Each structure stands twice: as structure tokens, then as C-alpha cells.
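# Summary of structural features
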Amino acid sequence: MSIIAVYNIKGGVGKTATSVNLAYLSSRHGHKTLLCDMDPQGSASFYFRIRAAKKFNSKKLLKGGKHIEENIKGTDFPSLDMLPADFSYRNIDIALDDFKKSNQRLSKVLQPLQSEYEQIFLDCPPNITLLSENIFFAADYILVPVIPTTLSLLSLKQLFDFLEKIGHSRDKVLIFFSMAEKRKKMHIEMMQAMQNKTGVLQAVIPYSADVERMGVYRQPVNAAMPGSVAATAYEKLWDEISVYLAS
Amino acid sequence: MHQPDTDTWFMPDSLQVSALLSVLAAEFGVAATPEYSATVVYADSFDWRLFRQGYILHCHNQAWTLYHGDSGEITVQQGGPELNRSCFARDFPPGVLREVLAPLLAVRCLLPMATVTLIGHQIRLLNRDEKTVARVVFEEQRLATAQPVFRMLRLFGIRGYDQALHTVRRILEENGVTQPASPLIGFVEGCKGEGRQPLDYSSKFTMELHAGYTARQAMVRIYRQLLTAINQNIPGVIEDFDSEFLHDLRVAIRRTRSGLSLVKNVLPTPVVESFKKDFGILGSITGPTRDLDVYLLEQDDYLARLPTTLQPALHAFFEGLALRRQAAHKKMVRALQSKKSKAILSAWKHYLTSDDQEPASAAEVDIGHLSGRIIFRRFKRVMKDGKALDAATPDAEVHRLRIQCKKLRYAIEFFSSLYPVEEIALLVRQLKKLQDILGAFNDLSVQQEMLHRSLEGLRAGSHRNLEQAAALGGLMQSLFQQQQELRGHFAEAFAMFSDPQNEALFNRLFRNRQEPS
């Protein structure tokens, strides 16, 4: 039983594609998996063609229990369920503030789901907020897609500083390169400089039109185009992560 | 009326799939997946170890699917071996399927139980986002052996889309899809075609007796059931699918012999004497192969007892054992197929279906009365021998006590249905603890003797034999040490069994048992 948060302070780095494809691969490997879309934009929900019920909102999420269970929906794939996001999540920090131990609320409401699901993936919104703190508290691993550029490294440093500030170890951070382009010299150099650092995974997800097209066919790339370069890269990433999950 | 748990129905003969689909298409988007067609072989151990746990396993060439029989939910789908003869859990590649199968099957192999051709296609029902909200599967199941074709429809809901499921159920009902079906009908009917039926065999002895039976009626029923077990296992012993066939065969033979010697004056003495001798012969025919089976099953444990440097020599030793076992099995098969063996079993069968010309003195006694006396006599014997047990008791005497315990166990099992279930379970549990320790002790003793004999048979002078001798020596030391440790536990194991409460229970159940009303 593990909770894996897919997180980056920056947007547009491939978080949702990563959550969707890894959650799908996890279920394909026989693990009962739940994907929680934490991003009010609801992109992961969109990819799975799932809409939250009208009555569902961030307050229900934070109440937990049956309010969550009633709103979990089955995807089109066996062993893979999803808790869709609601637009009200954009104000979730305000709702969180009402709770005692407001930085641990998410962990608390996810707790009972761990008896049903072997893996829970959290697709996180790009920011550093009280919700992020909740996510870091709840997660066993924080999986960070990084585009190999200078600015990305800066955001990584911000993440580490923040973790330190709130008293979390950086051991649970796993970094991998996303949207990497072989023809860009900076990408290559950046990856070479980083690849042997602790917590940096070897699998690299290349920039791929197949991933971008996920929005058209609305399926995980590993389901729609299992043999593609992108799908193979996600397989490798899953294999690497599952070693951590098993330990 | 809705039956929420029923998700499989027979398709009415008059209803075409296309007609039903067009009705569904008025409410949902409809996406059809390509038709599938596969002839699958359902597999289980001879004693249904998977089915007993709610699992159904089938293979289509090397593609295996394990699922829950009730829900139809697939647990795991994985590549594996061809279902040839003797397909064991260890023949599967490491992975989820093997992890599930290994503890369930243990030493038993998978056997083909039924062959069924499944032809069908899945329809996904979609909402306006083209999200799947329910699945309908049309499936035909055809048996390899017989004619009937089962046409059925299965409905699978998807979490969070209850409303859609409700709508589909309503449409099905309106179109006459109302007769519930078992999704396993092809499997069950296919087994029938092969002369099998799920759960038709268990190595556990269970016999429903009633206090009104005469002793002869009861014993004949018991012997018949044991004879059935003997006959069920012989083909597997001859084919040598797995070692449990022989084990179960020997247990059934031993139970029969125990019955003949424990229950006196119920069958005429000449009959008892003659069949005791005959079943003794069957026991000795099957002994040598079983002994070697036991060693071969211990192979991994034996290897683990030795340092890696000595393990190759032990491998060679086991290769020798495997060859000896092959020869012993061949000899045993010849003996089991001999006229003599067949004559014993058919004479016994004939006897069990005929009447005695001169009934024995206790033949008409009520079994409820007799059983208590028999069990209590065995109990007293175990108590007497057990009290003499201590850490210094010679191996042979420990062995004798073990046999006494076995006889008591068989006697209790024969007649258990005449007594309260929970109290019998308690007694058997206590007895089993004692039996386990005595059994383990005896195994260690016998194994050391065998190793010693093998050691004596090794010629000096060759390096290979020298290494093998070292391995055997190391093994003997390890077994001996474990055996000594077990001695230290005799007293406590027997103390638990002879606990005053346990003794009182024996007394109450079996000693002063009144003639049942």
C-alpha cells in the first residue's frame, strides 16, 4: 500500500500524463489502483472521461469516508478507479484551514482507502500551498517530473527548501526527466549532470506527440498505443518505481 | 422484481443479440469489441484445492486466467506452462499467479477438469462522454464432449454508475432476459462429461452416521467410502501425476485396516482375518514408493540444512533416490495392476454389497453404543503408553505411541458424526498436536536410519563418494539435533493432551455413553 504524489511546482511538465499512465500501468500489473485528481482543472478526470457528481466538492473530499467512497468511479480499465476533481478544489486551502492539524487532513481521509487500494496516485496541482503540504504529508513517495532546464532545477530547489521548512525528509522525493528532447543540447547536458544524484531515476520520458494526443483519444498512452516510444518509456519508469514501492 | 446479485442470465431462444442491442442503443452509446473465441481447459488439483477457495483457473494454450468463481472478477492473467501431465505451481514463471497457486496447490499438480469453447463478444455501453458505464457480455459456452450450447448474457456494472446499471437491468427484464444462469455452467457440465463434479473428492474422511445404524451397517458404509477413495486414487497413482494420490491411497488402505482391527465382532472373524491380510499386502506394495516420495519431497529442506559446499554432493544423492523411486514406482504399478490386487479389491467390493450368512456377535449392536467403547479403549491405551513417555524413551517406543495415536484418531474420525461437532473438533485438535510432534520425531528417526543405510552402501576410495558421505554425515547430524530438541517437548505435548479437562471430555463423550434413545 503506497501513496504516490506526482508533483511539481511548475505547470506543464507532464504531471497529469505521468499520473494517468503510471496509474494505468499499476493496475495492469495487477494492483488495485486509485487515481485521485487533486487539480481543479480536472485534466486527469478528462482523460478518463469521468465527471464528478454535481454534489461533489472540496468540502466533501475533506469530510472523507462515504463522501469520498460514493464519488469514486470506475475507469474503463479493470482494477483502476478514480476520484475525479471538482472545480471547487481551487479554494481547497480555505476549506482545509477549518480543520485542526490542517496539514494532515488529506492523509487522514485517504487512510481508509488504503485497505481497498494497493496504490493511490495523487495528480497534484502546480503550486506550493497548504494542499501541497497535505500531499507531502500523505505521500509515501513524491514523484517529480522535471524538464531538463535551468528553471526546472530552480523549482526543484524550491521544493527541497519547502520540504525542509515543513520538516520532511527529501528521501521520499523521486525525480525523473520528462519531455526531454535529444536534439536540445541543454537537455542532454542537464541530464548528464544530474543522472547520478540520489533520488534521480534513470528512466526518461521523451517529448512526444503521442502524449500530447492523449487529450484527443482520452486514454492512457499505454492503452491506446502500447508499443509507442512514449508507452515504452512509461513502462520503464513504472518498473523503476515499482522497485521502490515493493521495498 | 430485481435481483441485484444476479448478473448472468440465459438468453431466451427467441431473442436475437442484434434486437437487444438496438434497444440498448436507444439509451446508450454502444461499442462492440471484437468477438473472442477460445477453447479453454479448466484446471484444478484432483481434490479441488482452487475451487474450494473460490477460484477458477483455466488455460488456453499457455495463457492462464485465474478468477473468482462467484464474481467472475479476474484475479490474474498470465503466461505459464502448457497444461501437460503433472503441471505444478513451480512450473509457472515467478509472478502473481505462481504466488497464489503455490500455497494452495502445495504438492498437488493441476489436472484438466473440463474443456469448454467460449465464444462471445463484449459490448461497452457509453454515456455522452463516451465513457463506459456498463458492460454486457454475450457468451456461448460449448462443451467438447456433449451437445448443449449455453447462450448467456452477463452484465458488469462499473463503480459510480449505478443509474446506468439500473437502466440496463430494466431493459433486460423488459426483453425477457430473466432466467438466472451460472457463468460456470460450461465448467460444471464439462466436468460431468469427464465423470467429475466440483468437490467430488477430498482427502478428508467425512461420514454421516446416525445413531440408529447397526454396527455392521455403519462399518459397511465406512468401508465402502474408503474403497471409493482407494479406487479414485489408483489411476492417479499409476499415472503418477503427483505424490498425493499414493499418499491418499495409502491412508485409505490404512484406515480400512485400522477399521478391521479396531472394530471387533462386527464382521465375521474369517472375513476380517482374510481382508486384514489382503489390505496388509496392498499396504506393503505401496510402501517403498511412498518412503522415497517422502525423501524427495524433503529435498529442499535437506539442502537448506547443509553448507553450500556440501550441497552438490547431496544433489547427486537425490538423483540416485529419484532413480530408485522410478524403479520402485514401476514395480508398484505392476503389483497394483496384478490379478491378485484386483481380486482383493473386487472381493472386498463384493463382500460389502452382500449379507453375512453367519452374522458376527456384535453386528446388530447400535453403532452409537459401540463407537464410544471403541474410542474409549483407544484413548485408555494412548494414556497408558503416553504416561511412560519422557525425553529418554527409545525411538521404537515413541513410534508405538504414534501408532496408538493414529488408531485413536481414525476411530474418532470414523464415528465423529455421532458426537457434537465442536467437542470432537477440540479433541482432534489436542490429539493432532501430540501426533504432529510424534510424527515429526518419527520422520527424523526414519530419515536418519535411511541415511545411515545409504552411508553404509557407499564404497570408499572415490572422491565423489567421499563428498557424498560428508553431505550425508552433515545431514544426519542436523536431523539428530532436531530430533533431540523434539524430545524435550514430549512431556508438554502429552501434558496438553492428558489435561484433566480433556480427559473428562473423553470420559463424558465415550465412556458412560447411554444407549441413545
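Computed from a prediction, not measured in an experiment: that's the story for all the values here.

About the cut-offs
Residues numbered from 1 in each chain as written. Chains lettered and ligands numbered in written order. Predicted model: local features only at pLDDT ≥ 70, side-chain atom pairs only at ≥ 80, totals over all residues. Heavy atoms only, no water. Helix = DSSP H or I, 4+ residues; strand = E, 2+ residues; numbered from the N terminus. Rg over C-alpha atoms; globule rule 2.2 N^0.38 Å. Buried < 20%, exposed > 50% of the residue type's maximum accessible area, 1.4 Å probe, protein only. Contact = heavy atoms within 4.5 Å. Areas by Shrake-Rupley, 256 points an atom, 1.4 Å probe, with all protein chains shown as cover. Lys, Arg positive; Asp, Glu negative; His and termini not counted. Charge placed at Lys NZ, Arg CZ, Asp CG, Glu CD. Expected span 1.5 Å × (residues − 1). Polar contact = N/O pair within 3.5 Å; in protein donor to acceptor, adjacent residues only side chain to side chain. Domains from an automatic or database assignment. Buried area = accessible area lost by both parts, 1.4 Å probe. Salt bridge = Lys/Arg side-chain N within 4 Å of Asp/Glu carboxyl O. Phe/Tyr/Trp six-rings, centres within 6.5 Å; stacked < 30°, edge-to-face > 60°. Lys NZ or Arg CZ within 6 Å of the ring centre and 35° of its normal. Core = buried A, V, L, I, M, F, W, Y, C linked by side-chain atoms within 4.5 Å.

When helices and strands are tallied, chain A shows 13 helices and eight strands. Its C-alpha radius of gyration of 17 Å places chain A within 12% of the 18 Å reference for a compact globule of 247 residues. By the burial criterion, 57% of the 247 residues in chain A qualify as buried. Sequence separation of 24 or more characterises 78% of the internal contacts of chain A that already satisfy a separation of 6 or more. Per element, the accessible surface of chain A, about 11,100 Å² overall, is 53% carbon and sulfur. If you average the places of the 30 positive and of the 25 negative side-chain charges in chain A, the two averages end up 4 Å apart.

Time to look at the overall build of chain B. What chain B contains, in helices and strands, is 16 helices and nine strands. On the principal axes, the C-alpha backbone points of chain B span a range of 85 × 70 × 50 Å. By residue count, 50% of the 517 residues in chain B fall in the buried class. Approximately 25,500 Å² of chain B is accessible, and the part contributed by carbon and sulfur atoms is 52%. Distance between charge centres in chain B, computed from 62 positive and 58 negative side chains, equals 7 Å.

Time to look at helix 12 (residues 367-387) of chain B. In a regular helix each residue adds 1.5 Å, so 21 residues correspond to 30 Å; helix 12 of chain B covers 30 Å between its end C-alpha atoms and thus fits that length. The backbone nitrogen of Gly368 of chain B has a side-chain oxygen 2.7 Å away, supplied by the residue at the start of helix 12 of chain B, namely Asp366 of chain B.

Attention now moves to the domain arrangement of chain B. Interface size is commonly expressed as the accessible surface area that is lost when the partners come together. All names here are of chain B. Each assigned domain of chain B is listed here: domain 1 (8-193) and domain 2 (215-511). On a C-alpha basis, the centroid separation for the pair domain 1 and domain 2 is 42 Å. In this assembly, nine residues from domain 1 lie in contact with eleven residues from domain 2. Interface of domain 1 and domain 2: buried area, both sides summed, is about 820 Å²; carbon and sulfur atoms make up 55% of it. Where domain 1 touches domain 2, the interface holds two salt bridges. Between Arg108 and Asp242 there is a salt bridge; the shortest N-O distance is 3.1 Å. Across the contact surface, domain 1 and domain 2 share three residue pairs in polar contact (both at pLDDT 80 or more).

On to the packing of aromatic side chains. All names here are of chain B. Summed over all chains, the structure comprises 32 aromatic pairs over all chains. The interplanar angle of 70° and the centroid separation of 6.2 Å between the aromatic rings of Trp48 and Phe51 together place this pair among those described as edge-to-face. Residue classification places Trp48 among the buried residues on the basis of a relative accessible area of 0%. Judged by its relative accessible area of 23%, Phe51 falls in the partly exposed class. Members of the aromatic cluster, connected to one another through ring pairs, are Phe376, Phe379, Tyr419, Phe494, Phe497, Phe506 and Phe510. The ring of Phe245 is capped by Arg108, whose NZ or CZ atom sits 4.5 Å from the centre of that ring.

Leu314, Trp348, Phe415, Phe497 and Phe506 of chain B are the most contacted members of the largest nonpolar core, which totals 101 residues. Looking at this core element by element, the count peaks at twelve residues for helix 6 (residues 215-239) of chain B. Built from parts of two domains, this core gets at least three residues from each of domain 1 (8-193) and domain 2 (215-511) of chain B. The residues touching Trp348 of chain B, leaving out its near neighbours within four places in the chain, are Tyr223, Leu227, Thr256, Leu260, Leu267, Phe275 and Phe279 of chain B. Among the nonpolar cores identified, the runner-up in size contains 58 residues, and Met214 of chain A together with Leu20, Ile123 and Val133 of chain B belong to it.

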